[in-house]
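One-letter residues, chain by chain:
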Amino acid sequence: MAQFGNLRHRPARRLIQLYAGLTLYGLSMALMIRSGLGLDPWDVFHQGLARQTGLTFGTVTIAVGAVVLLLWIPLRQRPGIGTVSNVVVIGLVVDATLAVLPPGEGLPVRVALLVVGIVANGAATGLYLGAGFGPGPRDGLMTGFTARHPRWSLRLVRTIIEVTVLALGWLLGGTVGLGTVAYALAIGPLAQLFLPMFAVPPRPANAYAA
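Position labels on residues start from 1 in each chain and follow its written sequence. Two thresholds apply to this predicted model, a pLDDT of at least 70 for residue-level local features and 80 or more for giving and counting side-chain atom pairs, whereas whole-chain, interface and lining totals are computed over all residues. As a rule here, side-chain values come from all non-hydrogen atoms in the structure, and water together with hydrogens is ignored.

1. Notes on the overall build of the protein chain
The following threshold applies: The helix and strand labels rest on DSSP assignments: H or I over at least four residues marks a helix, E over at least two residues marks a strand, and numbering proceeds from the N terminus. To get the radius of gyration, use the C-alpha atoms; to get the globule rule, take the number of residues to the power 0.38 and multiply by 2.2 Å. Burial status follows relative accessibility: with a 1.4 Å probe on protein chains alone, a residue under 20% of its type maximum counts as buried, one over 50% as exposed, and anything between as partly exposed. Computed by Shrake-Rupley with a 1.4 Å probe, the accessible areas treat only the displayed protein chains as cover when residues are assessed. Counting rule applied: Lys, Arg positive; Asp, Glu negative; His and chain ends not counted. Think of each charge as sitting on NZ of Lys, CZ of Arg, CG of Asp or CD of Glu.
Summing up its helical and strand segments, the protein chain has nine helices and zero strands in all. When the helices and strands of the protein chain are listed from N to C terminus, the series reads α-α-α-α-α-α-α-α-α. A compact globule built from 210 residues should have a C-alpha radius of gyration of about 17 Å, and the protein chain, at 17 Å, falls within 12% of that. Its C-alpha atoms put the protein chain at 60 × 35 × 30 Å along the principal axes. In the protein chain, which comprises 210 residues, the share counted as buried stands at 45%. Here the protein chain displays about 10,700 Å² of accessible surface, and carbon together with sulfur accounts for 71% of that area. A gap of 16 Å separates the mean positions of the 15 positive and 6 negative side-chain charges of the protein chain.

Below is the structure:
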């Protein structure tokens, strides 16, 4: 973690990779929304809130991210550049993409949108996490809680949080379907595939002594 948030180590590559990843993440979310086949748990929640409030999907995503980030305070988590950028950039990109991307027509097109969206989401996760500027607010909430409560496993905490937001989102009118299941099954292996590909090698320890 020595390079976490350290702009002296390969700053140009890492910043480009961070914002490319966040942009791709927003695009991938828009693709899954336009598929109409179901969203990941947090986006089911975002969509449900958007439908109930009349706000845009991206605006709700930003607002929820900001609220979740406030929950880091009692957990004594420190956000990185990537964390704060995650809150803002993804929501803006989602809204911009939805403004120009029409809903999929026909099941084959909708399935294609879903598949491309899920794969792109995995690649985006590898890009922005691999840049080493901090996790997104939602992932940081999970890791921060388990750090403060080591008897709770990360898998259990993640499951509890995501089942809760999924249920709330469904009750609010968010779309749960094939895409929700496909995302749950695929995102772990995809992130595991892409993260090593995009992880920026740490700066050698002796380089800091120069």
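Following the structure, the description resumes.
2. Some thoughts on the packing of aromatic side chains
Applied cut-off: Two rings belonging to Phe, Tyr or Trp (six-membered ring only in the last case) form a pair when the distance between their centres is within 6.5 Å. Interplanar angles under 30 degrees mark stacking, angles over 60 mark edge-to-face geometry, and anything in between is tilted. Ring-over charges, as used throughout, are those where CZ of Arg or NZ of Lys falls within 6 Å of the ring centre and within 35 degrees of the ring normal.
Taken as a whole, this structure holds four aromatic pairs when the rule is applied. With centroids separated by 6.0 Å and ring planes inclined at 75°, the aromatic side chains of Tyr25 and Tyr128 adopt a geometry described as edge-to-face. Within this pair, whereas Tyr25 is found in helix 1 (residues 11–35), its partner Tyr128 is found in helix 6 (residues 107–130), the two being separated by 103 residues in sequence. For the pair formed by Tyr25 and Tyr128, the shared burial category is buried. Both rings, one in Phe145 and one in Trp152, keep their centres 5.6 Å apart while their planes meet at 90°; by these two values the pair is edge-to-face. Classification of Trp152 as partly exposed rests on a relative accessible area of 39%. The cationic tip of Arg14 hangs over the ring face of Phe133; the distance from NZ or CZ to the ring centre is 4.0 Å. A cation sits over an aromatic face here: Arg138 above Trp42, 5.4 Å from the ring centre.

3. Observations regarding the environment of Pro201
Residue placement: Pro201 occurs in the segment after helix 9 (178–198). Under the relative-accessibility criterion, Pro201 is labelled partly exposed at 43%. Sequence separation between Pro201 and Leu171 is 30 residues, and the spatial gap between their C-alpha atoms is 43 Å.

4. Observations concerning the environment of Ala191
Rules: We call two residues in contact whenever any of their non-hydrogen atoms come within 4.5 Å of each other.
Within the secondary structure, Ala191 is located in helix 9. For the pair Ala191 and Asn121, spaced 70 residues apart in sequence, the C-alpha separation works out to 8.5 Å. Non-local contacts of Ala191, meaning those with residues more than four positions away in its chain, are made with Gly122, Thr125 and Pro196.

5. Quick look at a nonpolar patch on the surface
Let me state the cut-off plainly: Patch rule: a residue counts if its relative accessible area is over 30% and it has no salt bridge; like charges are joined within 9 Å, and nonpolar side chains (Val, Leu, Ile, Met, Phe, Trp, Tyr) within 5 Å. The term salt bridge refers to a side-chain nitrogen of Lys or Arg lying within 4 Å of a carboxyl oxygen of Asp or Glu.
Together, Leu107, Val111, Val115 and Val119 line one region of the surface with nonpolar side chains, adding up to about 300 Å² of accessible area. Relative to the helices and strands, Val119 resides in helix 6.

None of this, on its own, says anything about what the molecule does.
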